[in-house]
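# Analysis of the macromolecular model
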Amino acid sequence: MDTIVAPITPLFRSSVITIRISGSKAFDIKKYLYVNGKPLQDLKYRYVYHGEFISENVEDDCVFYFFKGPNSYTGEDVVEISFHGNPLIVQNALQDIFKLGIRLAEPGEFTKRAFLNGKIDLVQAEAVYELIESRSITGIHASFKKLKEGLQSQLSIIKDNLIDLLSVVEAYVDFPEEDLGDYELQYVYNKLDDVIKNLQFLIKSFEMNRYNSEGVKIAIVGKPNVGKSSLMNYLLRENRVIVSEIPGTTRDIIEEEIFIKGYPIKLIDTAGIRESADQLEKIGIEFSKKKLGEADIILALFDLSDELDDMDEEIMKLVKNKEVVIIGNKVDKKKIEFDCDVEISVKTGEGVEQLFEIIEKRIKNLVSLGGENGMILNERQKFVFEEILDVIIGVKENFEKRTLDILAVDLHYCLNKISEITGEIYTEDILKNIFTKFCIGK
Ligand SMILES: Nc1nc2c(c(=O)[nH]1)N(C=O)[C@@H](CNc1ccc(C(=O)N[C@@H](CCC(=O)O)C(=O)O)cc1)CN2
Ligand SMILES: Nc1nc2c(ncn2[C@@H]2O[C@H](COP(=O)(O)OP(=O)(O)OP(=O)(O)O)[C@@H](O)[C@H]2O)c(=O)[nH]1
Ligand SMILES: [Mg+2]
């Protein structure tokens with residue numbers, strides 16, 4: 001395996017720039033290192049030296065330290081050297097380091113080696129990347145947890161269940177004259193249900209990625225003229241959207257980003273939903289229904305100053321079974337009694353603080369789904385879990401129809417897939433996909 005080198009801090013004019021060398025030739029760098037004007041002798045590992053780097057093209061005052069493999073980040077011999085933060089110094093030092101037969105590292109190559117040398121598994125390698133890329137502190141906490149613990153505990157629950165199932169199925173395959181009794185059948189079904197639930201829970205945590213990066217999608221829906229755009233403006237604290245007493249004012253979808261109590265939110269105002277002859281308005285209404293389907297949280301508005309009608313009922317039906325806050329607006333002109341989560345008046349501000357609190361609670365509910373357990377899956381992991389889930393659902397559906405030796409094959413397939421997540425089983429393609437996203441030096 002080649003010995004590799006790369007800056008592990010940005011190569012900008014800055015206070016300090018650090019490089020890392022990893023591999024069997026790493027300690028050859030001693031040739032360029034001096035302490036108290038003398039060549040470095042009796043090298044101590046994990047000990048910080050202050051000395052000089054003197055090569056053909058540069059000399060600099062440096063700090064450096066050595067890790068003896070396998071006790072290093074990569075598992076190989078590692079040296080780190082910090083130079084004064086001028087890219088020219090480091091570029092020239094690198095040129096001289098190349099002369100020792102050491103080459104520039106590819107993006108992610110250090111972490112890839114840490115994986116290949118068994119220092120970390122694939123989930124942890126990905127956690128390193130996610131830790132650097134996270135855009136929110138929840139994301140950072142979760143990535144760190146993943147770096148320290150991996151997904152082992154989650155995976156072993158699923159794995160143990162699959163192995164259990166397999167033992168039942170394989171016992172039957174070995175003794176086909178014995179029938180699977182009701183008891184065994186029930187046992188298998190329960191186990192399958194457990195696995196399905198676990199998988200669904202894990203896959204759901206992937207949504208957290210979106211909550212952290214794009215924000216939680218909150219759509220405001222309701223009949224025309226109930227005050228959707230007024231509420232949008234109120235929440236945005238600016239007159240972003242046109243408000244008028246004419247029903248059908250908003251015909252387009254309007255999206256804005258805000259923070260509610262520190263959470264990134266994508267707030268969506270929609271066209272009022274009603275039966276309309278107007279072609280343009282119809283398109284707007286179709287969009288509203290679509291947005292309603294995509295939203296994480298729905299704010300459904302109803303007008304307390306007017307009798308409810310069929311359209312209101314229709315909207316109730318559309319939002320039923322969704323994460324919805326039922327809001328009675330225009331309480332300042334209240335005419336009807338209506339069972340809702342909160343009564344507000346966008347005009348006077350009455351009840352709006354209470355609405356904020358409800359929204360905050362709902363967001364917390366969503367976000368804590370993954371956050372508290374610290375298991376936010378990334379796209380690759382989600383994808384593998386979805387494949388497993390598909391197979392398991394198939395297994396369940398086909399259990400009575402299929403021969404057990406085929407079920408055994410399916411279960412083995414799932415167990416193999418799980419090994420793909422941690423990297424017990426991997427292909428070059430999987431590694432390439434993961435590590436080329438990394439920055440150089442990581
Ligand atoms: N200067 C520097 N800072 C850094 C890193 C680094 O590589 N270099 N890291 C890189 O991302 C992170 C820290 N992660 C690290 C993980 C393992 C080892 C390491 O040497 N592990 C050995 C020894 C363990 C020990 O003795 O405590 C090992 O696991 O055997 C070092 C850093 C963040 N900060
Ligand atoms: N009295 C009172 N009037 C309100 C309140 N909220 C909004 N309105 C008025 O209701 C009318 C409709 O408000 P909009 O915000 O445009 O309603 P909308 O739901 O966006 O309507 P469309 O875009 O047509 O679907 C405007 O004249 C607002 O000033 C409220 O709390 N009390
Ligand atoms: Mg509107």
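Residues numbered from 1 in each chain as written. Chains lettered and ligands numbered in written order. Predicted model: local features only at pLDDT ≥ 70, side-chain atom pairs only at ≥ 80, totals over all residues.

## Thoughts on the sheet that holds strand E11 (residues 263-269)
Spatial strand order, E10-E11-E9-E12-E13-E14: 6 strands in an open sheet with mixed pairing. Each having just a single partner strand, strand E10 (254-260) and strand E14 (342-343) make up the two edges of the open sheet. Pairing between strand E12 (residues 297-303) and strand E13 (residues 324-329): 6 bridges, direction parallel. Bridge assignment links leucine 301 to a residue of E13, and that residue is isoleucine 327. Along the sheet face, helix H9 (residues 279-294) touches strand E9 (216-222), E11 and E12 and points at about 140 degrees away from the line of E9. (Pairing = 2+ DSSP bridges. Helix = DSSP H or I, 4+ residues; strand = E, 2+ residues; numbered from the N terminus. Contact = placed C-beta atoms within 7 Å. Axes fitted to C-alpha atoms, helices over the stretch in contact; angles between N-to-C directions.)

## Digging into the pairing of E12
The side chains of a regular strand alternate, first on one face of the sheet and then on the other. Counting buried positions along E12 gives 6 out of 7 residues, so the element sits mostly inside the fold. Assessed by its sense of winding, the connection that carries the chain from E12 through helix H10 (residues 310-319) to E13 is right-handed. (Buried ≥ 20, exposed ≤ 12 C-beta atoms within 10 Å, placed from the backbone. Right-handed = clockwise from strand over helix to strand, strands pointing away.)

## Some words on the UniProt feature "binding site: K(+)" (unreviewed entry) in the protein
Taking the UniProt record as the reference, the feature "binding site: K(+)" (unreviewed entry) is found at Asn225, Ser244, Ile246 and Thr249. Sequence-wise these annotated residues cover 25 residues; spatially they are packed, their C-alpha atoms never more than 7.8 Å apart. Tracing the backbone through its elements, the reader meets isoleucine 246 in the loop between helix H8 (228-236) and E10. Classification of isoleucine 246 as exposed rests on a count of 9 C-beta atoms within 10 Å. What makes threonine 249 partly exposed here is the crowd of 16 C-beta atoms within 10 Å. (UniProt positions renumbered as here; feature names shortened; annotations may be inferred.)

## Brief notes about the site of ligand 2
Close contacts around ligand 2 come from 24 residues, with Gly227, Ser229, Ser230, Thr250 and Gly272 the closest. Of the residues that constitute the shell around ligand 2, the class distribution is 6 nonpolar, 12 polar and 6 charged. (Near = placed C-beta within 6 Å. Nonpolar A, V, L, I, M, F, W, Y, C, P; charged D, E, K, R; others polar.)

## Comments concerning the site of ligand 1
Near ligand 1 you find Phe67, Asn71, Ser72, Tyr73, Glu80 and Lys119, and these make up its full shell. Among the residues making up the shell around ligand 1, the classes are represented as 2 nonpolar, 2 polar and 2 charged.

## Notes on the packing of helix H5 (residues 152-174) against helix H6 (residues 182-205)
Their axes nearest at 10 Å, the elements H5 and H6 cross at an angle of 155 degrees. The angle between H5 and H6 places the two elements in the roughly antiparallel class. Pair H5 / H6 crosses with left-handed handedness. Contacts between H5 and H6 involve Gln154, Ile157, Ile158, Asn161, Leu162, Asp164, Leu165 and Val168 on the former and, on the latter, Glu184, Tyr187, Val188, Lys191, Asp194, Val195, Asn198, Leu199 and Leu202. (Parallel < 35°, antiparallel > 145°, perpendicular 65-115°, else oblique. Left-handed = near helix turned anticlockwise from the far one by under 90°.)

## What to know about the UniProt feature "binding site: (6S)-5-formyl-5,6,7,8-tetrahydrofolate" (unreviewed entry) in the protein
The UniProt feature table records "binding site: (6S)-5-formyl-5,6,7,8-tetrahydrofolate" (unreviewed entry) at Arg20, Glu80, Lys119 and Lys442. Along the polypeptide, arginine 20 turns up in strand E2 (residues 16-22). C-beta crowding within 10 Å serves as the criterion here: with 23 such atoms nearby, arginine 20 is assigned to the buried category. Looking at the element boundaries, lysine 442 is found in the segment after helix H14 (428-435).

## Quick word on the domain arrangement of the protein
Where the parts come together, the accessible area they lose is often given as the size of the interface. Assigned domains within the protein: domain 1 (4-116), domain 2 (126-211 + 378-422) and domain 3 (215-367). On a C-alpha basis, the centroid separation for the pair domain 2 and domain 3 is 39 Å. (Domains from an automatic or database assignment.)

## Considerations on the nonpolar core
The biggest cluster of nonpolar side chains holds 54 residues, and the ones touching the most others in it are Ala300 and Ile327. If you count residues domain by domain, this core takes at least three from each of domain 2 (126-211 + 378-422) and domain 3 (215-367). Among the nonpolar cores identified, the runner-up in size contains 41 residues, and Val5, Ile29, Phe53 and Ile421 belong to it. (Core = buried A, V, L, I, M, F, W, Y, C linked by C-beta atoms within 7 Å.)

## Quick word on helix H4 (residues 137-149)
Taking 1.5 Å per residue, 13 residues should reach 18 Å; H4 reaches 18 Å between its end C-alpha atoms and fits that length. Just downstream of H4, glycine 150 is the residue with a positive phi angle, here 65 degrees. (Expected span 1.5 Å × (residues − 1).)

## Let's talk about unusual backbone geometry
Note that the residue after glycine 69, namely proline 70, is joined by a cis bond; omega there is 5 degrees. Mapped onto the elements, proline 70 comes out in the loop between strand E6 (59-67) and strand E7 (78-84). Phi is positive for aspartate 42, which is not a glycine, with a value near 45 degrees. Aspartate 42 gets classed as exposed once you count the C-beta atoms within 10 Å, which come to 4. Notably, asparagine 225 is not glycine yet its phi reads approximately 75 degrees, a positive angle. By the secondary structure assignment, asparagine 225 is in the loop between E9 and H8. On the basis of neighbour count, asparagine 225 is assigned to the buried category, with 22 C-beta atoms found within 10 Å.

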